[in-house]
Amino acid sequence: TIGDGELIIAKGEYITEEKARVIASLEAEQDKRFVKQFNPVAHYFGRFMLIAIAFVALFMFLKVSHYDIYEDTQRLLIVLVTILLMCAATAFTINVRPEWVLMVPLCIGPILMHIIFDMRAALIVHVTTIMILGHMVPDNFEFTFYQLTAGMMSILAVRDFGRRSHFFV
């Protein structure tokens, strides 16, 4: 039995079987306490709120900087479908093989947005997509860092297209 404040294992000390059992027991107790306190309704409401904030930020940006996209239903639908497809592809990958989540080609979204609209719209759509997906992936910081960096590089890589047809050629 371990009392409050008692040292279980010191830095650099070898782990014996007895200490491993104590650590496993404490971990199991912590998990039980977490399950008792976990409220799935509050959890999903919190996620919904974070996603709603991301979309509100996107719509505010579009209203202020790209009113032509904001007022045109078809253009707005292109933006939302792009975000939805990227999220669906990532969710499918997480369900099938979570370790492959970084292999989802999310850079296609900002490239298409840059070709159809402009660089700023592409960047904000990509950031919104990554903010939404950051809650779904196993290692969210690594995912967010890699995808933001890759998205920015892909947007800069296609900036010199004089005509949109060059992309498809």
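See above for the structure.
From a predicted model like this one, the values you see are computed outputs, not experimental measurements.

Visitor: Looking at this model, I keep getting lost on the overall build of the protein chain. Mind explaining?
Guide: Within the protein chain, the secondary structure is distributed over eight helices and zero strands. Along the protein chain, from the amino end to the carboxyl end, the secondary structure elements read α-α-α-α-α-α-α-α. The globule rule puts the C-alpha radius of gyration for 169 residues at 15 Å, and the 23 Å found for the protein chain is more than 25% above it. Referenced to the eigenvectors of the C-alpha coordinate spread, the extents of the protein chain come out at roughly 70 × 35 × 30 Å. Of all 169 residues assigned to the protein chain, the portion counted as buried reaches 25%. A separation of at least 24 residues holds for 61% of the contacts in the protein chain among residues at least 6 apart in sequence. Entry remark: accessible area of the protein chain is about 12,000 Å², with carbon and sulfur atoms responsible for 65%. Positive and negative side-chain charges in the protein chain, numbering 14 and 16 respectively, have mean positions lying 7 Å apart.

Visitor: What is the right way to look at the packing of helix H6 (residues 119-133) against helix H7 (residues 140-157) in this model?
Guide: A pair of packed helices is captured by two measures, namely the crossing angle of their axes and the spacing between those axes. Taken N-terminus to C-terminus, the directions of H6 and H7 make an angle of 165 degrees; their axes are 10 Å apart at the nearest point. As far as their axial angle goes, H7 and H6 are roughly antiparallel. In the crossing of H6 with H7, the sense of the turn from one axis to the other is right-handed. The segment H6 lies against H7, with Met-119, Ala-122, Leu-123, His-126, Val-127, Ile-130 and Leu-133 engaging Phe-143, Thr-144, Gln-147, Leu-148, Gly-151, Met-152, Ile-155 and Leu-156. Its residues placed into classes, the contact of H6 with H7 shows eleven nonpolar, four polar and no charged.

The rules behind each value
- Residues numbered from 1 in each chain as written.
- Predicted model: local features only at pLDDT ≥ 70, side-chain atom pairs only at ≥ 80, totals over all residues.
- Heavy atoms only, no water.
- Helix = DSSP H or I, 4+ residues; strand = E, 2+ residues; numbered from the N terminus.
- Rg over C-alpha atoms; globule rule 2.2 N^0.38 Å.
- Buried < 20%, exposed > 50% of the residue type's maximum accessible area, 1.4 Å probe, protein only.
- Contact = heavy atoms within 4.5 Å.
- Areas by Shrake-Rupley, 256 points an atom, 1.4 Å probe, with all protein chains shown as cover.
- Lys, Arg positive; Asp, Glu negative; His and termini not counted.
- Charge placed at Lys NZ, Arg CZ, Asp CG, Glu CD.
- Axes fitted to C-alpha atoms, helices over the stretch in contact; angles between N-to-C directions.
- Parallel < 35°, antiparallel > 145°, perpendicular 65-115°, else oblique.
- Left-handed = near helix turned anticlockwise from the far one by under 90°.
- Nonpolar A, V, L, I, M, F, W, Y, C, P; charged D, E, K, R; others polar.

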